[in-house]
Amino acid sequence: MARPYAMLRAGFPYVKTVGMRRLTVNFPVDVAIGRNDALYILCRNEEGVMVRMLSQEDEDLGFFSSLGTGDGQLRWPVAIVSDGEGNFFISDEACHRISKFNAEGEFLGKWGEFGSEAGQLNAPAGMAFDSDENMYVADGLNHRVQKFAKDGEFLGQWGGFGTGNGEFNMPWGVAVDEFDDVYVADWRNDRVQKFDANGEFIFKFGSTGSSDGEFNRPAGLTLDSDGDIYVADSGNDRVQLFNQEGSFVQKFVGDATLSRSARAYMLSNPMFLRLRDMASIDMQKYFRRPRSVRVDDKGRMYVPDYGSFRVQIYQKDVERLEESQIAAPLKAPSLLTA
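Conventions used here
- Residues numbered from 1 in each chain as written.
- Predicted model: local features only at pLDDT ≥ 70, side-chain atom pairs only at ≥ 80, totals over all residues.
- Heavy atoms only, no water.
- Pairing = 2+ DSSP bridges.
- Helix = DSSP H or I, 4+ residues; strand = E, 2+ residues; numbered from the N terminus.
- Axes fitted to C-alpha atoms, helices over the stretch in contact; angles between N-to-C directions.
- Buried < 20%, exposed > 50% of the residue type's maximum accessible area, 1.4 Å probe, protein only.
- Parallel < 35°, antiparallel > 145°, perpendicular 65-115°, else oblique.
- Contact = heavy atoms within 4.5 Å.
- Salt bridge = Lys/Arg side-chain N within 4 Å of Asp/Glu carboxyl O.
- Phe/Tyr/Trp six-rings, centres within 6.5 Å; stacked < 30°, edge-to-face > 60°.
- Lys NZ or Arg CZ within 6 Å of the ring centre and 35° of its normal.

Asker: Just give me the short version of the sheet that holds strand E18 (residues 201–205), but keep the residues and values in it.
Answerer: If you walk across this open sheet you meet the four strands as E15-E16-E17-E18, and the pairing is antiparallel. Only two strands of the sheet have a single neighbouring strand rather than two, namely strand E15 (171–176) and E18. On average, each strand axis in the sheet is tilted by 20 degrees relative to the strand beside it, whichever way the strands run. The pairing of strand E16 (residues 182–186) with strand E17 (residues 191–195) spans five bridges and is antiparallel. In the strand pairing of E17, Val184 is matched with Gln193.

Asker: Report on the pairing of strand E5 (residues 48–54), specifying residues and quantitative values.
Answerer: Counting buried residues in E5 gives five out of seven residues, a clear majority hidden from the surface. One ladder, built from seven bridges, connects strand E4 (residues 39–45) with E5; its direction is antiparallel. Looking at E5, one finds that Tyr40 is bridged to Met53. Where E4 hands over to E5, the hairpin turn is made up of two residues, counted between the paired strands. The sheet contact formed by E5 and strand E6 (residues 60–64) spans four bridges and is antiparallel. The partner of Leu54 across the bridge, within E6, is Asp60. Where E5 folds back on E6, the antiparallel hairpin that results is connected by five residues, among which Asp58 adopts a positive phi of roughly 70 degrees.

Asker: Please set out the packing of helix H1 (residues 260–267) against helix H2 (residues 270–278) residue by residue, giving values where relevant.
Answerer: Each pair of packed helices can be described by the angle between their axes along with the distance between the axes. Between H1 and H2, the shortest axis-to-axis distance is 6 Å and the interhelical angle comes to 110 degrees. Between H1 and H2, the angle falls in the class roughly perpendicular. Across the interface between the two elements, Tyr265, Met266 and Leu267 of H1 pack against Phe272, Leu273 and Arg276 of H2.

Asker: Tell me about the pairing of strand E13 (residues 144–148), and name the residues and values.
Answerer: Taken residue by residue, a regular strand's side chains alternate between the two faces of the sheet. Counting buried positions along E13 yields five of five residues, so the element is predominantly enclosed. Every second residue of E13 is oriented toward a common face, with Arg144, Gln146 and Phe148 on one face and Val145 and Lys147 on the other, all of them buried. Both strand E12 (residues 135–139) and E13 contribute to a ladder of five bridges, which runs antiparallel. In the strand pairing of E13, Val137 is matched with Gln146. What sits between the antiparallel neighbours E12 and E13 is a turn of four residues, in which His143 has the positive phi angle 55 degrees. Relative to strand E14 (residues 154–159), E13 runs antiparallel, the two sharing five bridges. Residue pairing for E14: Lys147 is matched across the bridge by Gly156. Here E13 folds back onto E14, and the loop between the two strands holds five residues, one of which, Gly152, carries a positive phi near 95 degrees.

Asker: Residues and numbers for the pattern of salt bridges, please.
Answerer: Within this structure, the stated rule accounts for 29 salt bridges. Where Lys298 meets Asp297, a salt bridge forms, and the shortest distance between an N and an O atom there is 3.9 Å. According to the relative accessible area criterion, Lys298 is partly exposed, its value standing at 46%. In this structure Asp297 comes out as exposed when scored by relative accessible area, which is 73%. Here Arg310 and Asp305 are joined by a salt bridge, their closest N and O atoms 2.8 Å apart. Like Arg310, the residue Asp305 is buried in the burial classification. Through salt bridges with shared partners, one network takes in Arg9, Asp224, Asp226, Asp228, Lys316 and Arg320.

Asker: Tell me about the packing of aromatic side chains, residues and numbers included.
Answerer: Throughout the structure, instances matching the rule amount to 25 aromatic pairs. For the pair Phe12 and Phe252, a centre-to-centre distance of 5.1 Å together with 80 degrees between the ring planes defines the contact as edge-to-face. Placement of the pair is Phe12 in the loop between strand E1 (6–11) and strand E2 (14–18) and Phe252 in strand E22 (residues 248–252), with a sequence separation of 240 residues. In terms of burial, Phe12 and Phe252 fall into one category: buried. In this structure an aromatic cluster arises from ring pairing among Phe12, Tyr14, Tyr230, Phe252, Phe287 and Tyr314. The residue whose ring lies beneath Arg217 is Trp187, and the NZ or CZ to ring-centre distance is 5.2 Å. Positioned above the aromatic ring of Tyr306, the side-chain terminus of Arg291 is 3.9 Å from the ring centre.

Listed below in structure tokens is the structure:
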């Protein structure tokens, strides 16, 4: 689908929350969308890791993987992505590898080894596929991006430690658009950089801070079919939305209600009901250290709310415009409403 010439941004309302601590979701770091819109939620903490599968209606569909370094196990996973065949790939920064599973959670293989030579990994983080299903990986502690075939064959790399254009300080998130341009969340440099498929620098945006358009440790990022860029601004407890030029559009700080599973759990526990009845619940709606953000083909935004043990879901609402429907760009615009 071609990108629209412009958009009437009508809103981006909160829809629902899925998951809860204890029963389904503990410290979610990323989420991928599977068949029938099932959510594959990657969870990790020092006591265990898993991929929890939930429906859009917050029904528990099971889980797979466990804590460890053996085949099919995960030690400190960071990101999960799916390919065109419905398989899932998970990066593990402690094991310095990528593991592959099918939709049922069956282990299919792994690749990667610790090191700094071409094709080796040191704390791999974000991953993204291009149009040929080659994979770009943020090789975090090697401060570079590497490109692989799906079987792990090394295809190329760029980057190095630093603050200049094309340099990184612990890159985290990676996203690829329909033109095969690559976007990288440069975690410790508090910015996002854009490259072409060969690693040539195109532009960057962001700086350190908490104002609109600034970052405090940007983690996961993604793009939608309109070219909008979504960044999990983890240290600022928010997600920021930018247009395709990297200009700030809006921010999300969280608006959660209780999930279906959390509501049922509360109703079966009189003490928790009393505690919630006595407490201020205003702070309970906000994000706490979101590590990732994803958008599906229906315009739904999913935010794994790491510190609150849930996933918040929002729905993009826009009218896509042709050039004939909107006035020419203005030199000094301001938004006025009647």
